[in-house]
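Close look at the chain arrangement
Residues per chain, in single letters:
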Amino acid sequence: MSRSYRLIVSAALLLFLIIGIVTPAEAQSNPNGGGYWLQSGKEKMKQATMLMKEGKSVERYSEETIQEKTLKRVQTLEELRKEDKQSNSAYESKMGPPTFTALGWEPPAFDYDHISTVEECRDNSSSSSKTGYIKNHYSFCWSHVATYQIPRSCRFGFCSYDGVQIQFTEIGYGSNQSRKMRVYYSIDDILVTNPSLNGAKLKIDLVCQAKINAGDCKPDSKTPAIERTIAQWKNTNFGLKTFLSDAPPASEYNPDQIGYMDFWPKLTIKHAPKKFTKTIDGIKQRVRFDSAKYMFAFPDQHFWQGAIFSKTDAVLNVPITKAEFAPLKEAGEHWKFAMDHPEKTKPYKLGKKIPGALGDRPLTRMYTKRHPEEYAKNRAKTRSVCNKEFKDEDRTGKECDEFPFASTWEGSSTNGQDWFSVKLIPKESNNAAGRWLAAWYAYDRILDDDPFYVQVKAPVKVGTISSYGTPKPGQDHRSSDNFSLKNIPAYTSKLKWKVTSGPKTAQFDVMHDDNLGIDETIFNDLKDGSVTDIKTVKDIYIANPEQTNDQEFNVDIYAIP
């Protein structure tokens, strides 16, 4: 192109920009076309789809980078396990309650809690993120819109395109029985702007990268890449990929025979008439394989090998307010009290902080048979402290429960700071909790030195307020000072209001103190035991008290699961 010709084109382009015929993005048309993952968000998606239908570039609505940076070199086991511990996501376990049998307390049978449908995946807001949605150690998904633009014509620096748009979804399934990981994938919402593109070929594959050992990443030859025309994908829109992992030799360095891999989708479209080929890669996800032989649940469940999505924090969920979890009630209450009020636990220790709560420091599993001396020290110290703290109490039918657990590095001896709690609880609750915890380790594949959290779902007091039995002098409605509801747990479903002193027959409203307007009534006609929805409004007060005989009363507010 001569210099004079380029000047003419540039001048014409500048004129078009000034009068609005084209946009700056369209002025940067790519004569080679492109393939893009579109940015999330309904409005952005709508705009990108509209541009594609008009034959214009959608590049401005594409993700700049879809893959998080990972090291290409082989990493050490310590480095990879450290990366797992830096996770930004967490999940609650869904294990059922223990049951009492002729053999004593038994955990429930193991069961997966998989993402079962594409809709379940796409309904989760994390599914389109750069990390995807990790439901638990055995279930992951990612869903994103891909767009390919094939050049139709290019003149004077302006290009128009024919396009193909698809919604790609992958759902990964780990295993608690083998070193095998499966990925089910599908494409939906297929849109073409030119009927001829129904003949374009779309190839979908999932590829992997071994992180420690060469055998960590072995695509199963029985599930090769799938290539179909767009028309064929419309009729058969799914595929399957399986990855296998060879167990490395057990060693002192790697006794659990751990392996790691990253995997990601690779989508390639080919349109022969235009000699167009374009490949785009999806996000990377990590899988940890192991052959830990100690994954056991009483009385006879063994889980010799496994494959998990490891970049998420496991949370031991203890919903003790559910009737079926009554055997865990006293143990769970102790664990929760220890995390919430360490300064009130035994033994007394100034400045004591007890880890384990989500958002705090995690607990770290100690496989007791691999570390027998440390475990024995935890048990011995707990026993000694219990004998001292409860020497004058009747211990009939009771046992001493400790938190953090003796099977963690934060136990009574191994934490090194006396940051632990002991309490006498019924023997039945202690035994049920012990077997239930051991089973959870196996069910969620919590290996030696793996971090985890504990969440006990129980009612929590989130507010307390004293009220006069009538409105305050000079007030039409207000009978108390302002108060706020604080630290409401994420698992809360309702609020419960309890009259703790004064006339139990008291009825009242709750209003919001609005300095700039009329105070709004938040709750009406509350009484002892009333249950309401959650509202986190600040500066609220008791109002319009009735049936109090003009006596003062106190109200406690609880967050309930």
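A word on the pattern of salt bridges. Counted according to the given criterion, the structure contains 26 salt bridges. For R370, the salt bridge goes to D256, with nearest N and O atoms at 2.8 Å. Of this pair, R370 sits in the loop between β20 (363-364) and α8 (372-389) while D256 sits in the loop between β12 (238-244) and β13 (259-271), and the two are 114 residues apart along the sequence. E402 is paired through a salt bridge with R379; the nearest N and O atoms lie 3.1 Å apart. Taken together, the residues E402 in strand β21 (residues 398-403) and R379 in helix α8 connect sequence positions 23 residues apart. Residue R379 is classed as partly exposed on the basis of its relative accessible area, which comes to 34%.

So, about unusual backbone geometry. Looking along the chain, the bond that leaves K346 and enters P347 is cis, with omega of 0°. For P347, the position within the fold is in the loop between α7 (329-340) and β20. Across the junction of F403 and P404, the peptide omega takes the value 0°, indicating a cis bond. Tracing the sequence through the fold places P404 in the loop between β21 and β22 (421-426). With phi around 50°, N544 is a residue other than glycine that occupies positive phi space. Within the secondary structure, N544 sits in strand β29 (residues 540-546).

Inspection of the secondary structure assignment puts T229 in strand β11 (residues 226-229). Once you skip the residues sitting within four places of it in the chain, T229 turns out to touch N198, G199, A200 and K201.

In this section: helix α3 (residues 42-53). Between its first and last C-alpha, α3 extends 16 Å over twelve residues, near the 16 Å set by a 1.5 Å rise per residue. All of the buried residues along α3 are M45, A48, T49, L51 and M52. The arc enclosing the buried residues of α3, seen along the axis, measures out at 160°, which places them on a common side. Those residues of α3 that are exposed and angled more than 90 degrees off the buried face are K42, K46 and K53. Count one or two residues on from α3 and you reach G55, which has phi positive near 80°.

Before going further, it helps to spend a moment on the sheet that holds strand β28 (residues 530-532). What the four strands build is an open sheet, ordered β24-β30-β25-β28; its pairing is antiparallel. Either end of the sheet is taken by a strand with one partner, and the two such strands are β24 (460-467) and β28. Ignoring which end each strand starts from, the neighbouring axes of this sheet average 25° apart. Where β24 meets strand β30 (residues 553-560), seven bridges bridge the pair, whose relative direction is antiparallel. Residue pairing in the sheet places T464 in a bridge with D556 of β30.

Across the sheet, three strands lie side by side as β27-β26-β29; this open sheet has antiparallel pairing. For this open sheet the edge positions go to β27 (520-527) and β29, each flanked by a neighbour on one side alone. In this sheet, neighbouring strand axes are inclined to one another by 25° on average, regardless of whether the strands run parallel or antiparallel.

Under the definition given, this model contains 25 aromatic pairs. Pairing F110 with Y138 gives two aromatic rings, centres 5.9 Å apart and planes at 80°, and the pair type is edge-to-face. In this pair, F110 is assigned in the loop between β4 (104-106) and α5 (118-123) and Y138 in the loop between β5 (133-136) and β6 (139-155), connecting sequence segments 28 residues apart. Residue F110 shares its accessibility class with Y138, and that shared class is buried. Among the aromatic residues, ring-to-ring pairing joins F110, Y112, Y138, F303 and Y443 into one connected group. Its end group placed over the ring of W233, R228 keeps NZ or CZ at 4.4 Å from the ring centre.

Time to look at the pairing of β13. Judged by how many residues are buried, β13 sits mostly within the fold: eleven of 13 residues are covered. As judged from the ten bridges shared by strand β9 (residues 201-210) and β13, these two strands associate in the antiparallel manner. Bridging from a neighbouring strand, K201 pairs with K270 of β13. Across five bridges, β13 lies against strand β15 (residues 285-290) in antiparallel orientation. Across the sheet, the residue bridging to G259 is F289, located in β15. Bridging between β13 and strand β14 (residues 276-281) involves six bridges; their strand directions are antiparallel. Counted as the bridge partner of T268 is T279 from β14. The turn joining β13 and β14, which pair antiparallel and follow one another in sequence, is formed by four residues; a positive phi near 50° is taken by K275.

What follows deals with helix α4 (residues 77-85). Turning to α4, its buried residues are L77, L80, R81 and D84. When α4 is viewed along its axis, its buried side chains cluster within an angular range of 95° and face the same direction. Along its buried surface, α4 packs onto β13, β15 and β19 (313-318).

As a further point, take the state of the cysteines. Within this structure, the stated rule accounts for four disulfides. There is a disulfide in this structure between C386 and C400, and the S-S distance comes to 1.5 Å. Torsion about the S-S bond of the C386 and C400 cystine: about -40°, corresponding to left-handed handedness. Here C386, found in helix α8, pairs with C400, found in strand β21; they are 14 residues apart in sequence, far enough to count as distant. In terms of burial, C386 and C400 fall into one category: buried.

Considering the arrangement of structural elements, one finds Q149 in strand β6. Beyond its immediate chain neighbours, meaning those up to four positions away, Q149 contacts G33, G34, Y36, M52, K56, S57, V58, Y161, D162, G163 and F276.

If you look at the biggest cluster of nonpolar residues, it comprises 47 residues, and the most contacted ones within it are V318, W335, F403, F405, W440, F452 and V454. Of all elements in the fold, only α4, β19, α7, α9 (427-443) and β23 (451-456) reach the threshold of two or more residues within this core. At nine residues, α9 tops the list of elements feeding residues into this core. What V318 contacts, discounting residues up to four positions off in sequence, is L328, W335, W436, V454, Q455, V456 and K457. Among the nonpolar cores identified, the runner-up in size contains 38 residues, and A146, M181, A200 and M261 belong to it.

Looking now at the environment of H371. Structurally, H371 is set in the loop between β20 and α8. Under the relative-accessibility criterion, H371 is labelled buried at 17%. Each C-alpha atom of the pair H371 and D448 lies 9.6 Å from the other, and the pair is 77 residues apart in sequence.

Definitions and limits used
- Residues numbered from 1 in each chain as written.
- Predicted model: local features only at pLDDT ≥ 70, side-chain atom pairs only at ≥ 80, totals over all residues.
- Heavy atoms only, no water.
- Salt bridge = Lys/Arg side-chain N within 4 Å of Asp/Glu carboxyl O.
- Helix = DSSP H or I, 4+ residues; strand = E, 2+ residues; numbered from the N terminus.
- Buried < 20%, exposed > 50% of the residue type's maximum accessible area, 1.4 Å probe, protein only.
- Contact = heavy atoms within 4.5 Å.
- Expected span 1.5 Å × (residues − 1).
- Arc of directions from axis to C-beta.
- Pairing = 2+ DSSP bridges.
- Axes fitted to C-alpha atoms, helices over the stretch in contact; angles between N-to-C directions.
- Phe/Tyr/Trp six-rings, centres within 6.5 Å; stacked < 30°, edge-to-face > 60°.
- Lys NZ or Arg CZ within 6 Å of the ring centre and 35° of its normal.
- Disulfide = S-S within 2.5 Å.
- Core = buried A, V, L, I, M, F, W, Y, C linked by side-chain atoms within 4.5 Å.

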